[in-house]
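# Per-entry structural report
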Amino acid sequence: MTAGGLAPGGTVRVAGADSLVCRTVLPGGLRVITETLPAVRSASFGIWAGVGSRDEDERHAGATHYLEHLLFKGTARRTALEISAAIDAVGGELNAFTAKEYTCYYARVLDADLPLAIDVLADMVTGSLLEQHDVEAERAVILEEIAMTDDDPSDTAHEAFGLQLFGDTPLGRPVLGTADSINAIGREQIAEHYAARYTPENLVIAAAGRLDHDEVLEITERCFARVLRDGTAPAGPRLPRPGGPPVRTSAGVRLVSRPIEQANLVLGCPGVGRTDDRRFALGVLNAALGGGMSSRLFQEIREKRGLAYSVYSFNSQHSDTGVWGIYAGCLPAKADEVLAICLQEIEKVRDAGLTGEELARGKGQVRGSIVLGLEDPASRMTRLGKSELVYPRLEPVDEILARIDAVTLDDVAEVARAILARPMALAVVGPYDDAGPFEALLP
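Residues numbered from 1 in each chain as written. Predicted model: local features only at pLDDT ≥ 70, side-chain atom pairs only at ≥ 80, totals over all residues. Heavy atoms only, no water.

Attention now goes to the sheet that holds strand S6 (residues 103–110). Judged by pairing direction, the sheet is mixed, and its seven strands sit side by side in the order S1-S2-S3-S7-S4-S6-S5 without closing on themselves. Whereas interior strands pair on both sides, the edge strands pair on one side only; in this sheet they are strand S1 (11–15) and strand S5 (93–98). On average, adjacent strands in this sheet sit at an angle of 15 degrees to one another, irrespective of strand direction. Both strand S3 (residues 31–36) and strand S7 (residues 203–209) contribute to a ladder of six bridges, which runs parallel. Counterpart to glutamate 35 in the pairing with S7 is alanine 208. Its contacts with the sheet place helix H8 (residues 213–223) against S1, strand S2 (20–25), S3 and S7, and it is angled at close to 150 degrees to S3. (Pairing = 2+ DSSP bridges. Helix = DSSP H or I, 4+ residues; strand = E, 2+ residues; numbered from the N terminus. Axes fitted to C-alpha atoms, helices over the stretch in contact; angles between N-to-C directions. Contact = heavy atoms within 4.5 Å.)

Okay, here's the thing in structure tokens:
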């Protein structure tokens, strides 16, 4: 199944060992993709919009996440209370999240209640009123959410790291927006964002669980009839893709001085994009270096030296770039030592790669996390929606596992030399007045 590879009305069905995946493109470009799981008694339904915080221009800064809040506030058919009460009454879950490159509205319900979930979510996404009084009420709520994030030193460190790495750009700024951007934006800008981005060709319907594709398709067509009948409105710029202007990154230290009892460090560099073939080798490398209790970083920093309670590495991808990094929380007096060890371990793996035992363990960890992460309808729905929206195609799980198994020591060594040799950015949150000592440690 390849994104955009079907004419409206066509359906592709692919049967697996324990499921059936179907995909249909409706008029206007609305894509519907489902996975039937006969062995479960629930269903997860999501509406995915191809817009994230990195797609905002200066006029619409903060609009993507703001809009996520407002779509729950009422339509011509339902009040905010009626939206939540409809799903609560059947014991379901209704929620949403905003990321850098997409937004998702989802519900988890019993299989018999899937038609209700489709109706409620479609009503929210296509018929929001965006009332002025709701805009003002949610402004205070979002500012509280930003304040809550600011009160968490680890969250602050990750956000400071993104800003240091990508600069004051949509990719570097927080998904939630800033207090300044939220205070500055008004209903007009949010409504413009809504009209431009929430168009049929920029939406994906994903569902997984005990369901029938044709039934989901029929209900979806009925619930989206108004926007499908209106045709395809002009969409704003598409998500950034490889081939566009390269993403600019920076190294160096960003210090956030806080009178707290722990230092929070995030050290890292640009990684690889989500379609880069090296992502499998980097995933295995990341698992071995800092992905678990047996990883080098955990063993060296926590187990052998007792310098930190939490230490791990992470790896994430966007359409045209990625992020690789390390987080550690430690006593302020130990921060320089922890940072020095992190840099030493990076140098070691960059110069010598992994051992055969580490390679096997890293592969096993990545394989297990993928398979165990697909054991429920909600995770299957997420996989469908993300794959349809931001990947060239839906990769079979067995194909992904085979790509992981095929990673060699040479592959890991090559990606380590390429990625971990890049200039490092560092964010520090803690009781410090001077970034100089940390700057002196960076290569």
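Their axes nearest at 10 Å, the elements helix H2 (residues 80–88) and helix H3 (residues 114–127) cross at an angle of 160 degrees. Judged on the interaxial angle alone, H3 and H2 are roughly antiparallel. In this structure, the crossing between H2 and H3 has a hand that is left-handed. Contacts between H2 and H3 involve Ile83, Ala86 and Ile87 on the former and, on the latter, Leu116, Ala117, Val120 and Met124. Along the lines of polarity and charge, the residues of the contact of H2 with H3 split into seven nonpolar, no polar and no charged. (Parallel < 35°, antiparallel > 145°, perpendicular 65-115°, else oblique. Left-handed = near helix turned anticlockwise from the far one by under 90°. Nonpolar A, V, L, I, M, F, W, Y, C, P; charged D, E, K, R; others polar.)

As summarised here, the arrangement of the five strands in space is S8-S12-S9-S11-S10, forming an open sheet in which the pairing is mixed. The sheet terminates laterally at strand S8 (252–257) and strand S10 (308–317), the two strands that pair on one side only. Sheet twist, expressed as the average angle between the axes of neighbouring strands with direction ignored, equals 15 degrees. Of the strands in this sheet, S8, strand S9 (263–270), S10, strand S11 (322–330) and strand S12 (425–430) are in contact with helix H5 (residues 153–166), which crosses S9 at around 30 degrees. The strands touched by helix H12 (residues 335–352) are S9, S11 and S12; relative to S9, the strand with the most contacts, the crossing angle is about 25 degrees.

This brings us to the state of the cysteines. Evaluation of the coordinates by the stated rule reveals zero disulfides. Residue cysteine 22 stays outside any disulfide, its sulfur separated by 19 Å from that of cysteine 223, the closest cysteine. In this structure cysteine 104 is a free cysteine whose sulfur lies 17 Å from that of cysteine 223, the closest cysteine sulfur available. When its relative accessible area of 0% is taken as the criterion, cysteine 104 is described as buried. (Disulfide = S-S within 2.5 Å. Buried < 20%, exposed > 50% of the residue type's maximum accessible area, 1.4 Å probe, protein only.)

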